[in-house]
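Notes for the structure review
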Amino acid sequence: MGGKEQVYVDEAFAGNWIAPIGENINQFEKEIESFSDCGHAAALSSGTAAIHLALILLGVKRGDYVICQSLTFCASANPIMYLGAIPIFVDSEPDTWNMCPVALENAIAACMDGTVAKNHPSLMPNNEKQKPKAIIPVHLYGMPAKMEELMDVASKYNIPIVEDAAEAIGSTLNGKACGTFGQYGVYSFNGNKIITSSGGGALVSIEKENIDRAKFLATQARDDAPHYQHSVIGYNYRLSNVSAGIGRGQMEVLPERVKQRRANFEFYKNSFSHLPGISFLHEGEKVYSNYWLTCMLIDPKLTNGIDNDKIRNFLDGLNIESRPIWKPMHLQPVYDSFPYFGTDIAEKIFEFGLCLPSGSSMSEDDRNRVVDAVLSLF
Ligand SMILES: *Cc1c(COP(=O)(O)O)cnc(C)c1O
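Residues numbered from 1 in each chain as written. Predicted model: local features only at pLDDT ≥ 70, side-chain atom pairs only at ≥ 80, totals over all residues. Heavy atoms only, no water.

Quick note on the threshold: UniProt positions are given in the numbering used here, feature names are shortened, and annotations may be inferred rather than shown by experiment.
As recorded by an unreviewed UniProt entry, the protein chain carries the name Pyridoxal phosphate-dependent aminotransferase and is attributed to Rhodonellum psychrophilum GCM71 = DSM 17998. Reading the Sequence similarities (unreviewed entry) entry of the UniProt record for the protein chain gives the comment "Belongs to the DegT/DnrJ/EryC1 family."

What follows is the structure, given as structure tokens:
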């Protein structure tokens, strides 16, 4: 926590606004809007809820195709399934580990010319040609995706983008905040993210009416009537005013958190850069990553067989937690029967990658402990 969170939570208690409505929610949304210059924001119960609502607002229905980055956390893709739509997974490119624009265009073409339906008769028994309804790229681990290239492809086919910036609040591309490139942007304030409201998320859009509609759907879609009347199906997806108080306090320390995460990255990179077989992501031109997590690739052919699992287990024995990279969706038991476009980039990142301890509160001593442990193994 940064300091002011408890004050805002106390205000909610003092005013007895223990509800999914109140001043903390209004202010939290304003903070998100001014920080990211996103236009309009709706504070929601989770980032997953934000993706779900974005797809609903784009009219995604049963049997529609939705393209999604394969190398991500399952929450990017699960809302596609909530709607009975069909996820089409796309590989990453090696520079940012995010959606590959070339594989994206191949996927769109195969949806539109009927190849996807032909090759997956159980998914599309009528052998339909369909244009995908939405594209979900992700800024994985805070590293901005190649949005310009992705948007060129998306606009060529006139397909809207839902930008999963759950891990990337505070990251920018050409000075523009991640989450503000697509028709919709998604942030998460889950407990594991760079800032947290203990659980929560936000949907953002430049269009006010989109966000008004999202807030309507997120509060059980109550029509404007004195009695309880409903013309469409709604959801209970609003954020609590108590949680929003935490989020409000966290927004004040976001720039500091980004600095701390970036310092972790610099430290690890400088400490390990002399080791053959170890490599890190780096920021391309006009790219600024929040480096939510510091990740590295380890090529065991160049490290005398020391691989990511060996390092992870060794660290674990010293009570230091590190983690594998997200396992690509097209390799998940629940998703491996769905179409996939690309080669083995995402798979290789999963095979060789490791997420290092990356908390904002890590001291120099903590980081040295991790570095010394890894160096001793080498
Ligand atoms: C955390 C996360 C989400 C979901 O956010 P929640 O607030 O946990 O629902 C979606 N996508 C990615 C890439 C995430 O890391």
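1. Details of the state of the cysteines
Selection criterion: In what follows, a disulfide is any cysteine sulfur pair within 2.5 Å. Exposure is judged per residue with a 1.4 Å probe applied to protein chains only, and the accessible area is read against the type maximum: over 50% gives exposed, under 20% gives buried, and values in between give partly exposed.
For the structure on display, the rule yields zero disulfides. Residue Cys178 stays outside any disulfide, its sulfur separated by 13 Å from that of Cys38, the closest cysteine. Residue Cys178 is classed as buried on the basis of its relative accessible area, which comes to 1%. Here Cys295 stays unpaired: no disulfide links it, and the sulfur of Cys355, its closest cysteine neighbor, is 3.7 Å away. A residue is classified by how much of its surface remains accessible, and Cys295, at 6% relative accessible area, is buried.

2. Brief notes about the site of the ligand
The condition that has to hold: One heavy atom within 4 Å of a molecule or strand is enough for the residue carrying it to be called near that molecule or strand. Under the rule applied, a polar contact is a pair of N or O atoms within 3.5 Å (in protein, one hydrogen donor and one hydrogen acceptor; residues adjacent in sequence only if both atoms are side-chain atoms). Areas reported here follow the Shrake-Rupley algorithm with a probe of radius 1.4 Å; residue values treat only the protein chains shown as occluding.
Close contacts around the ligand come from 15 residues, with Thr48, Asp164, Glu167, Ser188 and Lys193 the closest. Here an oxygen atom of the ligand and a side-chain polar atom of Thr48 are 2.5 Å apart. One of the side-chain nitrogen or oxygen atoms of Asp164 is found 2.7 Å away from a nitrogen atom of the ligand. For the ligand, the protein covers 95% of the area, taking 380 Å² as the surface of the free molecule.

3. What about unusual backbone geometry?
Note the cut-off: Helical segments are the DSSP runs of H or I of at least four residues, strand segments are the runs of E of at least two, and each set is numbered from the N terminus.
Not every positive phi belongs to a glycine, and Asn16 is a case in point at roughly 65°. By the element assignment, Asn16 lies in the loop between α1 (5–14) and α2 (23–36).

4. Observations regarding the domain arrangement of the protein chain
Under the convention used in this document: Boundaries between domains were set according to an automatic or database domain assignment. Any two residues whose heavy atoms approach within 4.5 Å are treated as being in contact. Put simply, buried area is how much 1.4 Å-probe accessible surface two parts lose in total, over both of them, once they are put together. Salt bridges are counted wherever a side-chain nitrogen of Lys or Arg sits within 4 Å of a carboxyl oxygen of Asp or Glu.
The assigned domain composition of the protein chain is domain 1 (5–253) and domain 2 (255–377). Taken together, the 49 residues of domain 1 in the interface contact 39 residues of domain 2. Across the domain 1 to domain 2 interface the summed buried area is about 3,800 Å²; carbon plus sulfur atoms make up 67%. For the domain 1 face of the interface with domain 2, the top three residues by lost area are Trp97, Tyr141 and Ile194, together amounting to 22%. Summed over the shared surface of domain 1 and domain 2, the number is zero salt bridges.

5. Overview of the packing of helix α9 (residues 241–272) against helix α12 (residues 364–377)
Worth spelling out the cut-off: What counts as an axis is a line fitted to C-alpha atoms, over the stretch in contact for a helix, and the angles between N-to-C directions run from 0 to 180 degrees. What sets the label is the angle itself: under 35 degrees gives roughly parallel, over 145 gives roughly antiparallel, 65 to 115 gives roughly perpendicular, and the rest give oblique. Left-handed describes a crossing in which the near helix is turned anticlockwise from the far one by less than a right angle; the clockwise case is right-handed.
Two elements in contact, α9 and α12, have axes separated by 11 Å at closest approach and are oriented at 30°. In terms of orientation, α9 and α12 fall into the roughly parallel class. Crossing of α9 over α12 shows right-handed handedness. When α9 is examined against α12, the residues Gln260, Ala263, Asn264, Phe267, Tyr268, Ser271 and Phe272 are found in contact with a partner set consisting of Glu364, Arg367, Asn368, Val370, Val371, Val374 and Leu375.

6. Things to note about the UniProt feature "modified residue: N6-(pyridoxal phosphate)lysine" (unreviewed entry) in the protein chain
Here, the residues flagged by UniProt with the feature "modified residue: N6-(pyridoxal phosphate)lysine" (unreviewed entry) are Lys193. Among the secondary structure elements, Lys193 is positioned in the loop between β8 (184–188) and β9 (201–205). Looking at Lys193, the relative accessible area reads 10%, which means it is buried. For Lys193, the contacting residues outside a window of four places in its chain are Ala166, Glu167, Ser188, Arg261 and Trp292. A polar side-chain atom of Lys193 sits 3.5 Å from a polar atom in the side chain of Asn192.

7. Here we look at the pattern of salt bridges
Counted according to the given criterion, the structure contains 16 salt bridges. Salt-bridge contacts for Arg238 lead to Glu29; the nearest nitrogen and oxygen are separated by 2.6 Å. Note that Arg238 is positioned in the loop between α8 (208–218) and α9 and Glu29 in helix α2, a separation of 209 residues in sequence. The same class applies to Arg238 and to Glu29, which are both buried. Between Glu364 and Arg367 there is a salt bridge; the shortest N-O distance is 3.4 Å. Note that Glu364 and Arg367 are positioned in helix α12 at a spacing of three residues, about one turn of the helix. Taking the relative accessible area as the measure of exposure, Glu364 reaches 46% and is therefore partly exposed. Within the structure, one salt-bridge network assembled from shared partners comprises Glu29, Lys215 and Arg238.

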